Amino acid sequence: MRLTNVHHRYALRLSLFYHHFSIHPLTKPVISLKPPKSSSIIKAHSRTEIRNSPIVIVNPAIKSTAMRFHNLVPVNAVSLEDGGGSNGASATPDHYEDSSLSNGYHLPPQEIIDIVDAPPLPALSFSPHRDKILFLKRRSLPPLSELARPEEKLAGVRIDGKCNCRSRMSYYTGIGIYQLMGDCTLGPEKEIHGLPDGAKINFVTWSNDGRHLSFSVRIDEEDGISSMLGVWVADVETGKARPLFESSNVFLNAVFDNFVWVNNSTLLVCTIPFSRGAPPKKPLVPAGPKILSNEQKDTIQARTYQDLLKDEYDESLFEYYATSQLVLVSLDGTEKLVGPPAIYTSLDPSPDEKYILITSIHRPYSFIVPCGRFPKKVDVWTADGKFVRELCDLPLAEDIPITHNSVRRGMRSIDWRADKPSTLVWVETQDDGDAKVEVSPRDIVYTQPAELLASEQPAVLHKLDLRYGGISWCDDSLALIYESWYKTRKIRTWVISPGSKNLNPRILFDRSSEDVYSDPGSPMLRRTPAGTYVIATMRKEGDQGTYLLLNGSGATPQGNIPFLDLFDLNTGNKERIWESDKEKYYETVVALMSDQTEGELYVDQLKVLTSKESKTENTQYFILSWPGKKACQITNFPHPYPQLSSLKKEMIRYERKDGVQLTATLYLPPDYDPARDGPLPCLVWSYPGEFKSKDAAGQVRGSPNEFAGIGPTSPLLWLARRFAILSGPTIPIIGEGNEEANDRYVEQLVGSAEAAVEEVIGRGVAHRSKIAIGGHSYGAFMTANLLAHAPHLFCCGIARSGAYNRTLTPFGFQNEDRTLWEATSTYVEMSPFMSANKIKKPILLIHGEEDNNSGTLTMQSDRFFNALKGHGALCRLVILPFESHGYAARESVLHVLWETDRWLQKYCVPNSSDASENLDAHKDDASIGTVDADSKAVSAAGGVPEWADDKIDIFPSPCRSSLW
């Protein structure tokens, strides 16, 4: 592994973050200084045609009906190519009412389309020597036809059988090379040429010497279906690209790992075996019934995994697509088959390029967990493909407990030591992988050479009482080891001397992961000649001390102020050598740029790559050079949506009734004047989070000066429709001490929402009767609960891809790791499905038909809609064909925006209900915030858990491209 992964920080999964809030990668350039690895999983199933419209189910009037799918209404048919549909601010509730009864996909107002269709900014990748930059050109939203391609759902993986790769895989459309000149400006673009027309590029990787690029290429064939993937290489100096293999019949297998540079002239490639025939055919008559048995009385609890293997046919199909033949191929065309065909999931050369760490999975497979839990074998091979030894062969892991910090038994986190030629490091649990077991130590870290001497045993590097979180290597005198524990939020950093047994390890930092104010920052890493990354130690002229360079987010009560500190390991003293501008700009340090030469690094020769942005100026990149800290701008990306360049943004603070401090970001339209224009309709968009302490929950996260990145489904799009947007108001669900946060979920949820609503009303920017609530995933769950338990606060709600009945996720959800049977009342009381009879405000439900996220099955929205309709609620359900948890196709995205705008224009903008009446009714309703006694029966109103249908996947697959 070229960069040691350090997992010592808690963060929301980035892919979900883009959907929950307003920042989106298409509006911000992506930076890579190494071949990045993606852990996104994409799943799929076979299809043969594109449905011409989303499924829309409506309950237009508040009248009681229990008839299932009464009023099945398709949506307006409008050609996306001819510019039809609603066009701009002229769209009125009456217009929406007429068009909602016709067939097809819809377009939102033009001012929203213009932002969604803004050209995406490129991804950037720096060469190993930091002298060249790749601009990886990205396409806009894909057409629905790409999502409609046939795909197989196997073992938690969705596979495009035609390409033999993950389905729904995005791509780059071109590669530009820029020379970084001595004055830090960019030279002219050199386009990678020689590619076929319409080339779709993935997995772009630098050779270690920076002279060549490798990547995959596929093209659309005559029938519109993409071809198999070929491996290509390009000469960086000339920009000329060519196929790596001389034969045109050698194709890449990219279901798991794909290819890796073994040295500067040789790649190890996962290819489709030459002997592979046609895919296995599903038998017309099964060999027998499907039988699952637990006659051994094993305790096996699993979350709601999707896309699992179902039978022997699925097993054979999974093997067919996932099996690779490894081939060593040189740039001169020399090829060598190595090893037998197998399901290889990871290829990792040693720093000295003499060995390769090979990971594969094998039978017996499982019908209840995805392939990340299948038996796993890890071997060491020589770089020329000869077997050296087996490190481990781990059995099937169906029984990992659902408790946080529970792990697989046996060797895990196997990696190369970044500062040594070929030394292995791994960790083994001492608690049988069960976080509920009290034991000391809990994890032990071991090291061992790749090739063993006679009877050589692994050496114990360090023992940990919490769960291992990664290592940052420096040399024999210094390494940092991270450990953490979710239940207490404790996180520790240890200083060790790997080469000295006489120096005892000591704790460097011991803090709460929730306490962002105390975060000291992370040590910056430097690139080694071997292409690995190690801790950068700094020296000062005339000073014999050795310093770490700590790069921190700088969380403060005024917002994040990123910094660079020189940190003396021996004394603990810090010297701040750089800090972001506090008044107008938000700047962050991205990477070290003065690490391409060997030897010691001195502060007065320091160069770093920084990003810089403001509320209204989009992100640009700079080279910052010491000793004068001179900044040289290297990019000049255009503003992605100049029509909103003068929007107003403010980070606001307010207080919940129980004293918890809350924050939110308030956005107002350009040229808005509260005194002149009065209160606006307001859209509140949020996502709850769990905390162990009130103080940590009240800390400010983010910066008031960050650029407002607007993604294709962002709530900030409604700034163009003259809405006030309250983005990400904190909704902390706190469980202090031994208290579980979710046991007071509804109470704290409502308290946070009340505080947010009163704040925007008190500022005079929002009309009390015109405030809508919305959210995605767990934010949709929040939305439904607020409409059920706080109807006085919001006029309507928008819930996208949510889960509403927690009895259908009985073995945990989100951060809840108690089972339904351990916390029955909590599961029931948190489920808005059980309070469907209380929801009287209009609610729009949107869900992808192929949702692959944990717990958020499409069935959740289907059943919730029927529960609402059965109680006469005003509701609408939109099912998006071929879409997953987040929405990707242009047709789908624009239709979601049309549905959302229609809902807001109809049930928020013209709303003139007397808020005080709603408030009084709420105060008189003793049942609000509680659950009816008869609702606590888990099986009531269709709430019987259907665990066999409740499946998801979270299996990381390594690949080397930034895909959006």
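Residues numbered from 1 in each chain as written. Predicted model: local features only at pLDDT ≥ 70, side-chain atom pairs only at ≥ 80, totals over all residues. Heavy atoms only, no water.

**Side note on unusual backbone geometry**
Then, in step 1: Cis peptide bonds are those with omega within 30 degrees of zero, and the linkage from S440 to P441 qualifies with -5 degrees.
Then, in step 2: Residue position: P441 is located in the loop between β22 (423-429) and β23 (443-449).
Then, in step 3: Omega for the bond connecting W626 with P627 falls within 30 degrees of zero, at 10 degrees, which places this linkage in the cis form.
Then, in step 4: Within the element layout of this structure, P627 appears in the loop between β39 (620-625) and β40 (630-633).
Then, in step 5: Positive phi values are uncommon outside glycine, yet S413 reaches one of about 50 degrees.
Then, in step 6: You can see S413 is positioned in strand β21 (residues 411-416). (Helix = DSSP H or I, 4+ residues; strand = E, 2+ residues; numbered from the N terminus.)

**Considerations on the pairing of strand β50 (residues 875-880)**
Then, in step 1: In terms of burial, β50 is largely enclosed, as six of its six residues are buried.
Then, in step 2: Residues of β50 alternate between two faces, with C875, L877 and I879 on one and R876, V878 and L880 on the opposite face, all of them buried.
Then, in step 3: By the bridge criterion, five bridges tie strand β2 (residues 55-59) to β50 in an arrangement that is antiparallel. Paired with N59 across the bridge in β50 is C875.
Then, in step 4: Note that strand β49 (residues 843-848) and β50 share six bridges and pair parallel. In the strand pairing of β50, G848 is matched with L880.
Then, in step 5: One crossover worth recording links β49 to the parallel β50 by way of helix α11 (residues 858-869), and it is right-handed. (Buried < 20%, exposed > 50% of the residue type's maximum accessible area, 1.4 Å probe, protein only. Pairing = 2+ DSSP bridges. Right-handed = clockwise from strand over helix to strand, strands pointing away.)

**What to know about the pairing of β49**
Then, in step 1: The element β49 is extensively covered by neighbouring structure, given that six of its six residues are classed as buried.
Then, in step 2: By the alternation rule, side chains of β49 split into I843, L845 and H847 and L844, I846 and G848, which are all buried.
Then, in step 3: Where the polypeptide runs from strand β48 (residues 796-800) across helix α10 (residues 824-830) and back to β49, its parallel neighbour, the crossover connection is right-handed.

**Concerning the packing of aromatic side chains**
Then, in step 1: Inspection of the entire model under this criterion finds 20 aromatic pairs.
Then, in step 2: Here Y745 and F781 contribute two aromatic rings whose centre-to-centre distance is 5.5 Å and whose plane-to-plane angle is 40 degrees, an arrangement assigned as tilted. Here Y745 is found in helix α8 (residues 745-762), whereas its partner F781 is found in helix α9 (residues 778-789), with 36 residues between them in sequence. Exposure class is identical for Y745 and F781. Each is buried. (Phe/Tyr/Trp six-rings, centres within 6.5 Å; stacked < 30°, edge-to-face > 60°.)

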